[in-house]
Structures are given as C-alpha cells and as structure tokens.
Amino acid sequence: IAQRNPATGEYGLTSGAYSYEAVWATPMALSAWALGFLGFGREVEKYLEAYRHHQGRAKPPSPYLKEHPGYLGNPPTLAAINWFSDHGAILWAVANHGLLSMDRKFIARWRDPIVKACEFIRDARRTGGHKGYRGILPPGVANDCDSSSQTCWNDAWNHKALRAAALLLARIQHPRAGEFRKEADAYRVDFQRAYRDVMVHAKRWRAEDGTLVPFTPPTLAEAKGFEAAHPFNLDTGACCLVFGELFTADDPIMQASLRWLREGPQARLFRRFSSPFQVPVLVKEMSSCEPCYSWNIFHSLALGDRANFTTGLYSLFAGGASRENFVACETREGIFGNCFTHGPALMLMRLAVIEERADDLHLLRMAPRAFFENGGFDWMNVPSLFGPLSIAAKYDEKQRVLRIDYRGPTRTRPQRTLLHLPPFEEIRQVVLNGKPLPATSGVIEL
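Throughout this document, residue positions are counted from 1 along each chain, in the order its sequence is written. Local features in this predicted model are restricted to residues whose pLDDT is 70 or higher, and side-chain atom pairs enter the listing and the counts only when it is 80 or higher, whereas totals over whole chains, interfaces and linings include all residues. Side-chain figures throughout are based on the complete set of non-hydrogen atoms in the structure, without hydrogens or water.

Notes on the overall build of the protein
Consideration 1: Numbering of helices and strands runs from the N terminus, with a helix taken as a DSSP run of H or I at least four residues long and a strand as a DSSP run of E at least two residues long. For the protein, the count of helices and strands is 12 helices and 20 strands.
Consideration 2: Counting only C-alpha atoms, the protein reaches 65 × 55 × 40 Å along its principal axes.
Consideration 3: When accessible area is computed with a 1.4 Å probe and restricted to protein chains, residues below 20% of their type maximum are described as buried, those above 50% as exposed, and intermediate ones as partly exposed. Each of the 446 residues in the protein was classed as buried or not, and the buried ones make up 59%.
Consideration 4: For the protein, the accessible surface area stands at approximately 19,100 Å², while carbon and sulfur atoms represent 52% of it.
Consideration 5: When the 53 basic and 46 acidic side-chain charges of the protein are each reduced to a single mean position, those positions are 3 Å apart. All accessibility values rest on the Shrake-Rupley procedure with a 1.4 Å probe; residue burial counts only the protein chains present in the view. In this tally Asp and Glu are treated as negative and Lys and Arg as positive; neither His nor the chain ends contributes. For this purpose, a charge sits on NZ of Lys, CZ of Arg, CG of Asp or CD of Glu.

Shown next, in the form of structure tokens:
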C-alpha cells in the first residue's frame, strides 16, 4: 500500500488502507524487506528516499534529545505517532537493502546518511540528564500512548540497525566501519548489563510445574505503570531482544520471556473474541495483539525448535492475513486492511530455507515438510548477503527420493555452505543437482 504526495512528489509506503493511512516505521521497514525479497528493489529505494531527504529535520521522540543531523524519522506528510524505534527501523531497512542488493548507486547515495545515522545512535547512547541506565538510549516514545521510558523495543531496533550498518560499511571498506562495529559491541554489553540489573529485582510467577519464573519487563527505567499489562508488552517487550540481537535465544532471560507468553497466569484467563486489551499471550505461537510482532518465532528459529517454529510460521500465514485476499489484519478491534504481517512471514519463510550466519550459508535448516510436497518449491535469484542464489526442492513420496537443485551465489563465496537434510525418516535417497548424495540425514557441507 503506497502513495505519492502530489505537493512534494515523495513516495510513502503507508501502513494500511483504513486505520493506518500513515506510516509506522517498523512495519514499513519489514514491508520494505519483503518487497526486496520478492524482487522489487527499485520500489524499496523509491520508498526509502523520502527518509534520506528529511534526515535531521525531525526531533527525536525523547524529552532528552534535541534535533540531530543524523536522526531518521517519518516525513511530516506521512507521520502519525513517531516512535524512538523509528530511527533504527529506517536505518536497518536502508542497510539491509544495501547489503542484499549491493547496488552501487543506492549505496553511494546513502553512504553519508548511514554514517550520520550511526553517529546519532552513538550520541544518543551518551545522553545524560535522565534517571535511567547509561550506555543505552535515553527514555523515549515506544508506543502509541506517547509516553517516554527506557524500553527493550527502542534499543532492539537501534542496536540491530547499528550492527547492520556497520556490516554494510565494512563491505564497502568504509574507514569508519570498525568504529561502528565496536560501538555496536559496546552497546550490547551495556544493554545486557542494564537489563540483567533490572532482572535482579524482577518479580516471579509460579508456573504449573511449580517453577518460579522471573517476569521480564518491557521497560528498564521511567516506566509509567501500564506497560507490563499492556498488549504491546508482547509486541515491544523483552521477546524482541533476540530479533534485535541484544540477547541470544538460549539466554535464561529470553527463555523466561517465552514462558510468560506461553504459560503465564494470564494465558489461563485469556478469552478469545473478547477485549483486545487483555494481557497478551501467544495463540498457536502468534501474538494475541499484533501478529506481525510475533518475535517468539525468531527464538524458535535460533533454537532449532522445529515444532514451535512451524506452528508460528503457519499461524502468520493463516491467521495474520486472509487466505482469500491476502490482506493482513490485527487481532484487535476492527484494524484490518494492512500489510504488516507479510514482512515477518516472508522473512521467516525465507530463513527456513536460506539463512546467513556470520560467513556461513545454511540451506533448508528449518524448512517444514510441506515445503517439499505437492511439487515442492522453486526459488530463483533470491537475494542473500553473498549474492543472488537459486534453490528448488521436491520430495517424491512414491520413490522416497528428495531432489534438490541449487545454484550458489557468485558475488561472495561463503566460508561454508551447509545443507541441512530434512528430518524425514523414510527418505531413501537424496539427489543434489542430479547426483546422489552419500547421506539421507544430517548436515552436508557443499
């Protein structure tokens, strides 16, 4: 869903056709990712251009910050409610598109704005004058209530963006790439130190198995009191920290965040088809508030939890959007006619088949069985950090043969390419590019 402002000629990737006829930057960034994945890179560049033009013109939504030449915010003609996470989401969308496309003209146009955007995060982390933790962002807006606090959400997006920007700058051999990578490393250390301190004082709840589990609050400082029970606690709370690369999924704090959403006391009291402002839970691994922010699925991906990953992935496709017209919706009030869910759904679908981890490329690691059935799948020229690649796979149930065709990227050679054979017990043979493989299970380095 997009628009062109006739007065300025600027394009905007708006958030919806009804309640969201403006831009919320985080779903915009996820939608931009989806468009790039589907091959519409020129459209992504067109929708991002307004942010470059307006960089530094908007005041960051924090009472502790003034205007900054590097801040990326929504243009006034598109803005609805500006969140502090906007800067990170926009920078991440820009850096991610640069990394996947390596389009020289796009990168040349955005190189200096990216550097200034990284400087904003650096400077914001050093802002004083507030009662919160140092080394992370100062209190800022992280929800539609227009209240400021230090939250997981704001730091998750800005840290992820800084790390992606540093990687892009390294790929183009920019002299400041190392500086911003070290800044991102220090950011993660400072955030973990702060949040672990918060967890020392966290309240605990008793699970049905008798375990006392710590509650993982969405805020670190200057909370207003409503955040823990607000439905956005699922969307913008601690669960997003794995996506934001601030914690690993196997950290006990992240494990606790999932237990609250899956089996907390509110899960037993949750009423379907009732008030959208109930304390949030996961329903079939999908957020009870906004399906697009089901960050728990990224936990399952990282942990190799196939059952919960597959459940969440299908919930996004079947419950986060109409299966008749593919329009997305939210599980609250009458908010529909948007495209929020498409970005995360396509991202997770892609990561099930193609996943970059540092300098390694993983293939088929979390692909559900259904991907290989009924003719399988055939993906051509998929953008990756190593360049476009193509992969197709189908399973012949009668012959019990899995056939895979793969053409690797040529722009950059991965350190390792690891083929994860799907865990089908009945597979008799695996054929790769017309040649039988010696194994039918496990991981094969290509």
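Additional details are given in the paragraphs that follow.
Some remarks on the layout of surface pockets
Consideration 1: The method works on a 1 Å grid over the protein atoms by themselves. A cavity is a set of points holding a 1.4 Å probe that cannot get out, a pocket is an open set with protein on both sides within 12 Å along at least five of seven lines, and residues with an atom within 4 Å of a point line them. Grid points are joined across faces, edges and corners, and a volume is the space filled by probe spheres set on the points. The volume enclosed by the largest pocket comes to roughly 1,300 Å³.
Consideration 2: Lys 160, Glu 245, Glu 356, Arg 357 and Ala 358 are the residues nearest the centre of the largest pocket, which is lined by 41 residues in total.
Consideration 3: With 7 residues, helix α5 (residues 152–171) is the largest single contributor of residues to the lining of the largest pocket.
Consideration 4: For this classification, Asp, Glu, Lys and Arg are treated as charged, while Ala, Val, Leu, Ile, Met, Phe, Trp, Tyr, Cys and Pro are nonpolar and the rest, including Gly, are polar. For the lining of the largest pocket, the per-class residue count stands at 22 nonpolar, 4 polar and 15 charged.
Consideration 5: By volume, the second largest pocket is sized at about 430 Å³.
Consideration 6: Where the lining of the second largest pocket is concerned, the elements lending two or more residues are β9 (286–287) and α11 (306–319).
Consideration 7: In the lining of the second largest pocket, the residues fall into 8 nonpolar, 8 polar and 5 charged.

A look at unusual backbone geometry
Consideration 1: Residue Gln 173 is not a glycine yet carries a positive backbone phi of 60 degrees.
Consideration 2: One non-glycine residue with positive phi stands out, namely Glu 245, at about 65 degrees.
Consideration 3: Within the secondary structure, Glu 245 is located in the loop between α7 (232–236) and α8 (252–263).
Consideration 4: Taking relative accessible area as the criterion, Glu 245 reaches 29% and is therefore assigned partly exposed.

Looking at the nonpolar core
Consideration 1: Here, nonpolar core refers to any group of buried Ala, Val, Leu, Ile, Met, Phe, Trp, Tyr and Cys residues whose side-chain atoms link them within 4.5 Å. Grouped together as the largest cluster of nonpolar side chains are 139 residues, with contacts concentrated most on Leu 241, Trp 295, Leu 364, Phe 372 and Ile 391.
Consideration 2: Per-element accounting of this core gives the leading share, 11 residues, to α5.
Consideration 3: Excluding its chain neighbours within four sequence positions, the residues that come into contact with Ile 391 are Val 353, Ile 354, Leu 363, Leu 364, Phe 377, Asp 378, Trp 379, Asp 405 and Tyr 406. The contact criterion used is simple: two residues touch if any of their non-hydrogen atoms lie within 4.5 Å.

Focus on the environment of Ala 17
Consideration 1: Within the fold, Ala 17 resides in the loop between β2 (11–12) and α1 (25–37).
Consideration 2: The partly exposed category is assigned to Ala 17, whose relative accessible area is 48%.
Consideration 3: Along the primary structure Ala 17 and Ser 149 are separated by 132 residues, whereas in three dimensions their C-alpha atoms are 30 Å apart.
Consideration 4: Not counting chain neighbours up to four residues away, the residues in contact with Ala 17 comprise Ile 1 and Gly 337.

Some thoughts on the packing of aromatic side chains
In this description, a pair of aromatic rings is defined by centroid distance and the angle of the planes.
Consideration 1: Here is the rule: rings of Phe, Tyr and Trp (six-membered ring for Trp) pair when centre to centre is within 6.5 Å. Planes less than 30 degrees apart are stacked, more than 60 are edge-to-face, and the remainder are tilted. Tallied over the entire structure, the rule returns 28 aromatic pairs.
Consideration 2: Aromatic rings pair up to connect Trp 83, Trp 92, Trp 153, Trp 157, Phe 232, Phe 243, Tyr 293, Trp 295 and Phe 298 into one cluster.
Consideration 3: Ring-over charges, as used throughout, are those where CZ of Arg or NZ of Lys falls within 6 Å of the ring centre and within 35 degrees of the ring normal. In this structure, Lys 46 packs its charged tip against the face of Tyr 11, placed 4.5 Å from the ring centre.
Consideration 4: When the ring centre of Phe 243 is taken as origin, the NZ or CZ atom of Lys 160, which lies over that ring, is 4.3 Å away.

Digging into the side chain of Ser 384
Consideration 1: Among the structural elements, Ser 384 can be located in the loop between β14 (377–382) and β15 (389–396).
Consideration 2: Residues adjacent in sequence count toward polar contacts only when both atoms are side-chain atoms; beyond that, a polar contact is any pair of N or O atoms within 3.5 Å, and within protein one must be able to donate a hydrogen and the other to accept it. A polar contact of 2.5 Å, which involves the side chain of Ser 384, links it to the backbone oxygen of Gly 387.
Consideration 3: Excluding residues within four positions of it along the chain, Ser 384 makes contact with Leu 99, Leu 100, Arg 350, Glu 356, Leu 389, Pro 409 and Arg 411.

With respect to the sheet that holds strand β18 (residues 429–432)
Consideration 1: By this definition, two strands are paired if DSSP reports at least two bridges between them. An order of β14-β15-β16-β18-β19 is seen for the 5 strands of this open sheet, with the pairing classed as mixed. Of all the strands in the sheet, just β14 and β19 (435–436) have a single pairing partner and so form its edges.
Consideration 2: Pairing between β18 and β19: 2 bridges, direction antiparallel. The residue of β19 that forms the bridge with Leu 432 is Lys 435.
Consideration 3: Contacts between helix α12 (residues 342–353) and the sheet are confined to β14 and β15, with β14 contributing the most and set at about 100 degrees to the helix. Every axis corresponds to a line fitted to the C-alpha atoms, with the helix fit spanning only the stretch in contact, and the corresponding angles, defined between N-to-C directions, vary from 0 to 180 degrees.

Some details on the packing of helix α4 (residues 104–125) against helix α6 (residues 177–200)
Consideration 1: Between α4 and α6, the shortest axis-to-axis distance is 11 Å and the interhelical angle comes to 35 degrees. The hand of the α4/α6 crossing is left-handed. Residues Val 115, Cys 118, Glu 119, Ile 121, Arg 122 and Arg 125 of α4 lie in contact with α6, whose contacting residues are Glu 179, Phe 180, Glu 183, Ala 186, Tyr 187 and Asp 190.
Consideration 2: Class assignment of the residues belonging to the contact of α4 with α6 gives a composition of 6 nonpolar, no polar and 6 charged. Helix crossings are classified by the rotation of the near helix relative to the far one: an anticlockwise turn of less than a right angle makes the crossing left-handed, while a clockwise turn makes it right-handed.

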